[in-house]
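Take a look at the letters that make up each chain.
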Amino acid sequence: DGGITQSPKYLFRKEGQNVTLSCEQNLNHDAMYWYRQDPGQGLRLIYYSQIVNDFQKGDIAEGYSVSREKKESFPLTVTSAQKNPTAFYLCASMDGRSGNTIYFGEGSWLTVV
Amino acid sequence: QKEVEQNSGPLSVPEGAIASLNCTYSDRGSQSFFWYRQYSGKSPELIMSIYSNGDKEDGRFTAQLNKASQYVSLLIRDSQPSDSATYLCAVRLNQAGTALIFGKGTTLSVSS
């Protein structure tokens with residue numbers, strides 16, 4: 001089945017640790033995105049990538065890093081510099097052939113313990 | 001600061017009624033507008049997109065866009081309990097690449 005796969009679905013991080021959230025898509029979409037959602041809040045853009053080997057900071061990039069070595073993959077690393085990382089993280093990709101619609105993966109819950 | 005504003009709600013309507021969800025945006029250069037539905041603990045799913053002034057209908061859903069007033073709305077006819085969710089308005093800015101800017105969402109509750 002075609003889609004966007006995020007893993008893990010649930011992740012616990014200790015203070016001071018870096019963690020990486022995986023995002024893979026087999027939809028042949030060029031653009032990919034990472035958003036963060038806090039309880040009762042909308043989605044805030046962390047990073048996005050329009051093509052392989054290129055990515056741009058969003059509104060809340062501090063404490064996060066990404067890479068885009070393959071079209072299918074856009075992993076997000078939450079570093080120890082991110083002081084309040086507990087949130088719901090959503091990866092998305094864009095279908096440029098149908099009105100530039102953005103579709104989301106199922107999300108990853110990150111909790112700091 | 002580019003902003004998308006929504007009334008957080010909750011908006012409560014009885015089953016069978018029309019639910020009206022509203023959204024305003026600050027950037028006049030905005031080109032594309034989207035409504036997503038998000039159930040608690042799940043990821044957003046696309047309901048509708050709209051690009052031109054006027055109405056766009058899809059089943060029980062109608063999106064309305066007024067660029068002069070910087071206003072986009074979503075009407076849900078014959079509301080069902082399964083429509084109870086948070087509805088997110090999203091806007092693509094002309095200058096911001098391809099990313100969407102989201103409002104905080106309106107929570108809709110449909111009572112049976």
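What counts, and at which threshold
- Residues numbered from 1 in each chain as written.
- Chains lettered and ligands numbered in written order.
- Predicted model: local features only at pLDDT ≥ 70, side-chain atom pairs only at ≥ 80, totals over all residues.
- Heavy atoms only, no water.
- Disulfide = S-S within 2.5 Å.
- Helix = DSSP H or I, 4+ residues; strand = E, 2+ residues; numbered from the N terminus.
- Buried < 20%, exposed > 50% of the residue type's maximum accessible area, 1.4 Å probe, protein only.
- Pairing = 2+ DSSP bridges.
- Axes fitted to C-alpha atoms, helices over the stretch in contact; angles between N-to-C directions.
- Core = buried A, V, L, I, M, F, W, Y, C linked by side-chain atoms within 4.5 Å.
- Contact = heavy atoms within 4.5 Å.
- Polar contact = N/O pair within 3.5 Å; in protein donor to acceptor, adjacent residues only side chain to side chain.

Novice: How do you make sense of the state of the cysteines when you look at a structure like this?
Specialist: Residue and element names in this part refer to chain B. A complete count under the given rule lists two disulfides over all chains for this structure. Bridging Cys23 to Cys89, the disulfide has an S-S length of 2.1 Å. In this structure the cystine formed by Cys23 and Cys89 twists about its S-S bond by roughly -75°; its chirality is therefore left-handed. Taken as a pair, Cys23 in strand S3 (residues 19-25) and Cys89 in strand S9 (residues 85-92) lie far apart in primary sequence, 66 residues in all. For the residue pair Cys23 and Cys89, the accessibility class agrees, reading buried in each case.

Novice: Quick question: what am I supposed to make of the sheet that holds strand S8 (residues 71-76) of chain B here?
Specialist: Sheets are built from strands that pair by backbone hydrogen bonding, the pairs being arranged parallel or antiparallel. All names here are of chain B. With antiparallel pairing, five strands are arranged side by side in an open sheet as S1-S3-S8-S7-S6. Looking along the sheet, the strands with just one partner apiece sit at the ends: strand S1 (4-6) and strand S6 (54-58). Taking the axes of each pair of neighbouring strands and ignoring which way they run, one obtains an average angle of 20° across the sheet. In this sheet, strand S7 (residues 61-66) lies alongside S6 in antiparallel orientation, the contact comprising five bridges. Bridge pairing links Asp58 to Phe61 in S7.

Novice: Looking at this structure, how should I read the nonpolar core?
Specialist: Looking at soluble globular proteins, one finds that nonpolar side chains tend to be buried together. Trp35, Val72, Leu74, Ile76 and Tyr87 of chain B are the most contacted members of the largest nonpolar core, which has 25 residues in total. Residue contacts for Ile76 of chain B: discarding those within four places in its chain leaves Ala17, Ile18, Ala19, Leu21, Arg60, Phe61, Asp83, Tyr87 and Leu108 of chain B. Core analysis: the next-biggest nonpolar cluster, separate from the first, contains 20 residues, Ile4, Val78, Cys91 and Leu110 of chain A among them.

Novice: Honestly, the sheet that holds strand S1 (residues 4-7) of chain A in this entry has me stumped. Any pointers?
Specialist: All names here are of chain A. Spatially, four strands are ordered S1-S3-S8-S7 in an open sheet, and the strand pairing comes out antiparallel. The open sheet has two edge strands, S1 and strand S7 (64-66), and neither has a second partner. Each neighbouring strand pair of the sheet contributes to a mean axis angle of 20°, computed without reference to strand direction. One ladder, built from three bridges, connects S7 with strand S8 (residues 76-78); its direction is antiparallel. Each bridged residue has a counterpart across the sheet, and for Val66 the counterpart in S8 is Leu76.

Novice: Could you clarify how one ought to interpret unusual backbone geometry in this entry?
Specialist: Cis geometry is adopted by the peptide bond preceding Pro8 of chain A, which originates at Ser7 of chain A and carries an omega value of -5°. Relative to the elements of secondary structure, Pro8 of chain A occurs in the loop between S1 and strand S2 (10-13). Along the chain, Gly9 of chain B connects to Pro10 of chain B via a cis peptide bond; the corresponding omega equals 10°. Take Pro10 of chain B: it is sitting in the loop between S1 and strand S2 (11-14). Here Asn53 of chain A, not a glycine, exhibits a phi torsion of approximately 65°, which is positive.

Novice: Quick question: what am I supposed to make of the side chain of Gln70 of chain B here?
Specialist: Residue and element names in this part refer to chain B. The residue Gln70 is located in the loop between S7 and S8 in this model. Of note is the side chain of Gln70, whose polar atom sits 3.1 Å from the side chain of Arg28. Not counting chain neighbours up to four residues away, the residues in contact with Gln70 comprise Cys23, Thr24, Tyr25, Ser26, Asp27 and Arg28.

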